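A look at the structure
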Amino acid sequence: MGEKYDFKSVEEKLLKEWEEKGIYRFKQGRKPVFSVDTPPPTVSGSMHLGHAYSYSHQDFIMRYKRMRGFNVFAPWGFDDNGLATERFVEKKLGIKANKMPRGEFTKKCLEVSREAEGEMIRGWKRIGMSVDWSISYHHTVSPEVIKKSQLSFIELYKKGRIYRKKMPIMWCPECGTALAQVELKDKEDDSELVYIRFKVDNGSTISIATTRPELMPACVAVFVHPDDSRYKDFVGRKASLPIFNREVPILADDKVDPSFGTGAVYHCTFGDIDDIEWVIKHDLPIIELVNKDGTFNKRAGRYEGMRSREARKEIVKDLEELGVVEKKEPVHHVVNVHERCGTEIEFIMTEQWYIKYLDLKEKLLEQGRKIKWHPAHMRVRYDNWVNGLKWDWCISRQRFFGVPFPVWYCKKCGRPIIADEDDLPVDPLVDKPRVKCECGSEEFIAEKDVMDTWATSSLTPMIALKWGQDDDFFKGMFPMDLRPQAHDIITFWAFTTIVKSYLHEKSIPWKNIMISGHALDPRGRKMSKSEGNVINPLSVIDKYGADALRFWVASSKLGEDLPFQEKDLVTGRKMINKLWNASRFVMMNLEDFSHEEYKKFNEEKLEPFDKWFLSTLNRAIKKATESFESYEYSRAKLEVENFFWHIFCDNYLEFVKSRIYNPEKRGVDAKRSAQYTLRRGLLVQLKLLAPIMPFITDEIFHRYYPEEGESIHVSEWPKYLEERYAEEREAGDAALAIVGAIRRYKSSIGKSLGYEIKGIIIHTDNPDMISSVGEDIKDASRAVEIDINKQPPAGFKELASGIEGIKLFIYD
RNA sequence: GGGCCUGUGGUCUAGUCGGUUAUGACGUCGCCUUCACACGGCGGAGGUCGCCAGUUCGAAUCUGGCCGGGCCCACCA
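Parameters and conventions
- Residues numbered from 1 in each chain as written.
- Chains lettered and ligands numbered in written order.
- Predicted model: local features only at pLDDT ≥ 70, side-chain atom pairs only at ≥ 80, totals over all residues.
- Heavy atoms only, no water.
- Pairing = 2+ DSSP bridges.
- Helix = DSSP H or I, 4+ residues; strand = E, 2+ residues; numbered from the N terminus.
- Axes fitted to C-alpha atoms, helices over the stretch in contact; angles between N-to-C directions.
- Contact = heavy atoms within 4.5 Å.
- Near = heavy atom within 4 Å.
- Polar contact = N/O pair within 3.5 Å; in protein donor to acceptor, adjacent residues only side chain to side chain.
- Patch = residues over 30% accessible without salt bridge, like charges linked within 9 Å, V, L, I, M, F, W, Y side chains within 5 Å.
- Areas by Shrake-Rupley, 256 points an atom, 1.4 Å probe, with all protein chains shown as cover.
- Salt bridge = Lys/Arg side-chain N within 4 Å of Asp/Glu carboxyl O.
- Lys, Arg positive; Asp, Glu negative; His and termini not counted.
- Charge placed at Lys NZ, Arg CZ, Asp CG, Glu CD.
- Buried < 20%, exposed > 50% of the residue type's maximum accessible area, 1.4 Å probe, protein only.
- Core = buried A, V, L, I, M, F, W, Y, C linked by side-chain atoms within 4.5 Å.
- Phe/Tyr/Trp six-rings, centres within 6.5 Å; stacked < 30°, edge-to-face > 60°.
- Lys NZ or Arg CZ within 6 Å of the ring centre and 35° of its normal.
- pLDDT = per-residue confidence, 0-100.
- Parallel < 35°, antiparallel > 145°, perpendicular 65-115°, else oblique.
- Disulfide = S-S within 2.5 Å.
- Arc of directions from axis to C-beta.
- 1 Å grid on protein atoms, 1.4 Å probe; cavity = no way out; pocket = protein on both sides within 12 Å on 5 of 7 lines; lining within 4 Å.
- Points joined across faces, edges and corners; volume = space filled by probe spheres on them.
- Nonpolar A, V, L, I, M, F, W, Y, C, P; charged D, E, K, R; others polar.

**With respect to the sheet that holds strand 26 (residues 757-764)**
Overall, mixed pairing links the four strands, which are arranged 27-26-29-28 in an open sheet. Edge positions in the sheet fall to strand 27 (783-788) and strand 28 (797-799), since each of these pairs with one other strand and no more. The average angle at which neighbouring strand axes cross in this sheet is 25 degrees, direction not considered. Alignment of strand 26 against strand 27, held across five bridges, turns out to be parallel. Each residue of the ladder has a partner; that of I757, found in strand 27, is A783. Along the sheet, helix 23 (residues 726-748) makes contact with strand 26, strand 28 and strand 29 (806-811), crossing strand 29 at roughly 40 degrees.

Okay, structure coming up:
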């Protein structure tokens with residue numbers, strides 16, 4: 001019987017209440033502050049389970065820190081910048097960015113993303129993010145953020161860290177934009193390895209193997225390995241290209257793998273990343289072949305206007321007709337594609353803006369070491385990435401929606417004109433420079449590229465702390481305390497943020513970084529829309545409650561992935577139920593024990609068994625605290641869960657029932673001792689669980705502990721006390737073991753736990769210790785009599801006590 | 001190919017700076033309708049702690065090798 005816990009109405013009620021009371025409000029000027037660089041989610045419709053997963057991890061820590069007395073600063077933002085949003089908007093409205101004026105498209109993007117953001121925020125609120133929504137910076141494409149991003153550009157430009165250069169760059173012909181190293185994805189593909197014979201000027205021939213015969217118009221050399229005896233006499237000679245009848249040098253380079261194909265490779269600008277290296281190393285000419293739309297230019301001769309795939313088919317046909325194709329082998333290989341659209345990338349020559357950082361690898365590694373990584377091994381990924389950097393950071397994108405460069409070019413001399421810092425934000429397509437060019441010209445061409453998403457996202461700690469806007473605020477808070485994020489974007493977001501902080505402030509952006517894993521589907525696979533295995537967190541919450549979802553989320557070790565299993569949500573729901581019922585039980589029995597009596601209670605008067613309980617609880621406090629301090633929320637959760645269920649409910653509550661129900665047996669003091677312990681013990685457990693399950697714990701707190709404050713979430717975290725009650729600990733452990741043995745006995749003879757035992761006799765070397773909990777053992781095992789070190793009369797059976805030095809006899 | 005992580009009863013998982021019968025949950029089986037909770041309690045069955053070798057008095061835990069899974073990075077033209 002009794003009132004049921006209705007998670008739906010309680011959770012909704014509390015969400016309102018927290019907001020109205022401003023429980024999570026950041027209080028300007030109050031110290032100490034714990035600042036969090038909250039990830040701005042990409043605007044893409046709705047919160048997914050992966051979001052619920054990693055943001056809950058962040059919230060566990062924020063709630064813990066708040067209870068530790070910190071003023072938590074965690075402004076929220078949205079990343080509505082870049083291609084992801086463009087695609088989302090194009091799909092949603094059925095429009096194409098390149099088929100309409102930029103201004104109009106931008107307007108649509110802003111409309112759609114604002115709307116989507118509202119919908120998304122509801123998701124984060126519903127899982128119980130303890131965020132002060134009034135201090136969010138909202139979106140990366142907003143005047144304030146554009147201003148800071150442009151300011152960053154100008155400052156780095158002035159520092160000589162930014163340059164514009166024409167270089168071969170990875171290019172997506174589909175999206176029509178330059179790409180950075182991080183935007184690539186591997187795609188497995190079936191293709192053909194074509195062996196083509198070239199004439200050599202020594203009268204012989206040389207064969208090369210290639211998967212990209214269509215790039216022959218851009219061929220500038222043939223390479224062999226310097227030690228390859230087959231080609232000793234070829235190096236330094238010239239090979240003649242079929243069809244194009246052009247001669248190219250045969251050169252040696254030890255990057256050639258003699259065992260692949262024929263051991264000879266033809267080199268084109270630009271087949272892949274390594275080709276660019278060879279161009280520079282061997283001082284070869286650059287032949288531009290591919291246009292920005294992916295078609296071939298006039299260098300391709302009769303293949304002009306075709307794209308790679310088509311040209312490949314045609315050229316192979318033509319080569320076969322000429323009889324220079326020796327053979328074709330099917331190959332299965334991996335190609336680089338653009339991660340957003342899956343299109344194979346090309347390399348083309350374009351002018352782009354770059355941030356120079358290749359010279360800073362050592363410094364960046366050093367910065368990485370100054371940050372505490374949780375878990376520590378995640379730093380290795382950062383190190384590997386920094387060590388593997390090959391290019392400076394290309395920050396320009398030929399897209400439509402994003403942060404514009406604050407740049408114009410002089411129409412006459414081509415010199416770039418950088419906007420004045422006081423005029424920011426600027427849109428060069430709309431605004432004009434206020435000064436003439438040095439050459440005297442007053443005509444300008446606007447830079448119409450926009451910045452790479454990460455050029456802005458990398459500024460989140462600086463944006464959140466009002467960099468370039470409120471110096472005192474910024475200086476007092478930078479670096480931030482924590483960056484929470486998932487492991488997949490260590491090389492994107494964590495890396496670029498560290499870069500920007502270093503370049504601007506010569507500082508780390510945050511002291512700690514906490515890396516979450518991913519939520520996986522029930523079979524341990526990645527969740528993705530295309531697989532159809534996506535789980536909607538809001539429907540999970542609907543069914544089980546936010547607390548249950550968070551309870552599941554808290555069961556993964558930091559940094560590790562977790563398969564979603566519905567049964568785990570059932571476990572969470574059971575936990576909620578158990579908490580509710582145990583709390584009701586506790587409170588039912590505290591009706592004659594007022595808050596005043598509780599306050600006055602002298603702990604010296606505690607029963608030994610209650611001392612045992614509080615001491616065991618004290619250890620749980622210690623473990624939970626240490627776990628949260630090291631961001632290991634799952635250890636904390638496990639510890640408290642096990643303690644609550646098995647120590648508190650299964651044992652402690654059962655042990656004290658008799659004292660409470662039948663005070664005439666052991667006296668009112670023993671009852672008061674139990675009541676004090678129940679009241680205190682439950683409150684401590686609720687607090688330890690509050691960061692994980694904020695709703696149920698606060699609801700119980702409101703109902704039963706109104707004297708303790710406005711909300712459990714702004715109450716004080718339980719203190720760990722010095723170890724004491726060593727003797728009681730031993731006694732309590734023994735009591736549990738003995739009662740366990742008797743329960744086992746009752747179970748083995750098919751009796752209920754309420755079955756009466758006539759007598760218990762315990763043999764021990766330490767009778768004082770056992771007798772201190774003798775009455776508790778008697779109560780919990782429903783025994784009529786208990787004796788210590790008495791010779792067991794006939795009819796007594798010996799049970800295994802499970803404890804060394806203790807013999808147990810019973811009679812029933 | 002390089003790096004990191006990981007491999008524990010049917011499933012998920014704790015434990016991994018070595019030490020008595022390897023943790024808990026779900027499932028399963030038996031018992032218990034005990035006055036907080038049957039979304040409960042007690043108990044049982046179920047594990048060669050991926051495989052092999054080594055170090056050690058003793059290894060799930062340390063070392064080496066192998067096999068499997070995941071992620072990140074690089075990549076054969």
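**Observations regarding the protein's contact with RNA strand B**
Taken together, the neighbourhood of RNA strand B is formed by 53 residues, with D186, F260, H333, W645 and Y661 sitting nearest. Between T571 and RNA strand B, the recorded distance is 3.4 Å, taken from a side-chain N or O atom to a sugar or linking oxygen. Within the side chain of N577, one N or O atom sits 3.3 Å away from a sugar or linking oxygen of RNA strand B. Among the secondary structure elements, those contributing two or more residues to the surface near RNA strand B are strand 8 (205-210), strand 13 (325-338), helix 9 (379-387), helix 16 (566-588), helix 19 (633-661) and helix 23.

**Considerations on a negative patch on the surface**
Taken together, E727, E730, D733 and D768 make up a surface patch of like negative charges. Counting through the fold element by element, E727 comes out in helix 23.

**A closer look at the sheet that holds strand 14 (residues 346-355)**
The four strands lie next to each other as 6-5-14-16, forming an open sheet whose pairing is antiparallel. With one partner strand each, in any of the chains shown, strand 6 (177-178) and strand 16 (393-394) form the two edges of the open sheet. The pairing of strand 5 (residues 162-172) with strand 14 spans 10 bridges and is classified as antiparallel. Opposite W171, over in strand 14, you have E346 as the bridge partner.

**Concerning the pattern of salt bridges**
Oppositely charged side chains are able to pair whenever their charged atoms sit close together. Going through the model one piece at a time under the given rule, you end up with 61 salt bridges. The residue R87 makes a salt bridge to E90 at a minimum N-O spacing of 3.4 Å. One end of the pair is R87 and the other is E90, both in helix 3 (residues 83-93) and three residues apart, which spans about a single turn. R87 sits in the partly exposed class, given a relative accessible area of 25%. For R230, the salt bridge goes to D228, with nearest N and O atoms at 2.9 Å. Residue class for R230 comes out partly exposed when judged on its relative accessible area of 46%. Of the residues examined, D228 reaches a relative accessible area of 7% and is grouped as buried.

**A few points about the nonpolar core**
W124, W552, F648 and I760 are the most contacted members of the largest nonpolar core, which totals 206 residues. With 12 residues, the top contributor of residues to this core is helix 19. I760 has contacts with I742, I777, S781, A783, E785, I786, D787, F796, L808, F809 and I810, leaving out every residue within four places of it along the chain. If you look at the next biggest cluster of nonpolar residues, it comprises 47 residues, including A239, A264, M306 and A311.

**Some points on the packing of aromatic side chains**
Tallied over the entire structure, the rule returns 47 aromatic pairs. Summarising the aromatic geometry, the rings of W18 and Y24 are spaced 5.4 Å apart at their centres and angled 70 degrees between planes, so their arrangement reads as edge-to-face. Judged on exposure class, the residue W18 and its partner Y24 are both buried. With a centroid separation of 5.5 Å and 75 degrees between ring planes, the pair formed by Y357 and F495 is classed as edge-to-face. Here F495 lies in helix 13 (residues 490-505) and Y357 lies in the loop between strand 14 and helix 8 (361-370), a separation of 138 residues in the sequence. Both residues of the pair, Y357 and F495, count as buried. Positioned above the aromatic ring of F585 is the side chain of K657, whose terminal nitrogen or guanidinium carbon lies 5.6 Å from the ring centre. The ring of Y598 has R679 sitting right over it, with the charged end atom 4.9 Å from the ring centre.

**Quick word on the environment of I286**
Its location among the elements puts I286 in the loop between helix 6 (273-281) and helix 7 (308-322). I286 sits in the partly exposed class, given a relative accessible area of 41%. Through-space distance from the C-alpha of I286 to that of I276 is 9.3 Å; in sequence the pair is 10 residues apart. Not counting chain neighbours up to four residues away, the residues in contact with I286 comprise T269, F270, V279 and M349.

**Some remarks on the environment of L319**
Assignment of secondary structure puts L319 in helix 7. Ignoring sequence-local partners within four residues, the contact set of L319 consists of I196, M216, P242, I243, V324 and V325.

**Brief notes about the confidence of the model for chain A**
As a general rule, the predicted coordinates of low-pLDDT regions are not to be interpreted in detail. When pLDDT is averaged across chain A, the result is 90; 99% of the residues are at 70 or more. Model confidence for the complex: the whole-complex pTM is 0.90, and ipTM, which rates the interface, is 0.93.

**Observations regarding the side chain of Q485**
Within the secondary structure layout, Q485 lies in strand 22 (residues 480-486). The class of Q485 is buried, set by a relative accessible area of 3%. If sequence neighbours within four positions are ignored, Q485 has contacts with I490, W493, A494, I513, M514, I515 and S516.

**Regarding the packing of helix 18 (residues 608-629) against helix 21 (residues 668-689)**
Where helix 18 meets helix 21, the axes come as close as 11 Å, and the angle between the chain directions of the two elements is 10 degrees. Put simply, helix 18 runs roughly parallel to helix 21. Mapping the contact onto sequence places D610, F613, L614, L617, A620, I621, A624 and F628 in helix 18 and S673, A674, Y676, T677, R680, G681, V684, Q685 and L688 in helix 21.

**Considering the state of the cysteines**
The full count for this structure, using the stated rule, is zero disulfides. Counting only cysteine sulfurs, C437 is the nearest neighbor of C413, a cysteine outside any disulfide, at a range of 3.4 Å. For C413, a relative accessible area of 38% puts it in the partly exposed group.

**Examining helix 8**
Those residues of helix 8 not exposed but buried are L364, L365, Q367 and G368. One face of helix 8 carries all of its buried residues, which in axial projection span an arc of 155 degrees. Contacts from the buried residues of helix 8 go to strand 15 (372-374), helix 9 and helix 13.

**Some words on empty space enclosed by the protein**
Under the defined criterion, the tally for this structure stands at four cavities of 30 Å³ or more. A volume near 150 Å³ is recorded for the second largest cavity. Secondary-structure elements contributing two or more residues to the lining of the second largest cavity are helix 3, strand 21 (450-451) and helix 10 (453-457). Split into classes, the residues belonging to the lining of the second largest cavity amount to six nonpolar, three polar and seven charged.

**Some points on the side chain of R666**
With respect to the helices, strands and loops of the structure, R666 is situated in helix 20 (residues 663-666). At 2.9 Å, the side chain of R666 forms a polar contact with the side chain of E607. In terms of polar contacts, R666 uses its side chain to reach the side chain of D776, at 3.0 Å. Apart from residues no more than four positions distant in its own chain, R666 is found in contact with E607, R659, E775, D776 and D779.

**Structural notes on helix 13**
Side chains that are three or four residues apart share a direction in an α-helix, a result of its 3.6 residues per turn. Taken across its 16 residues, helix 13 has 15 buried, putting it largely inside the fold. Where helix 13 terminates, the next one or two residues include K506, which has phi positive at roughly 50 degrees.

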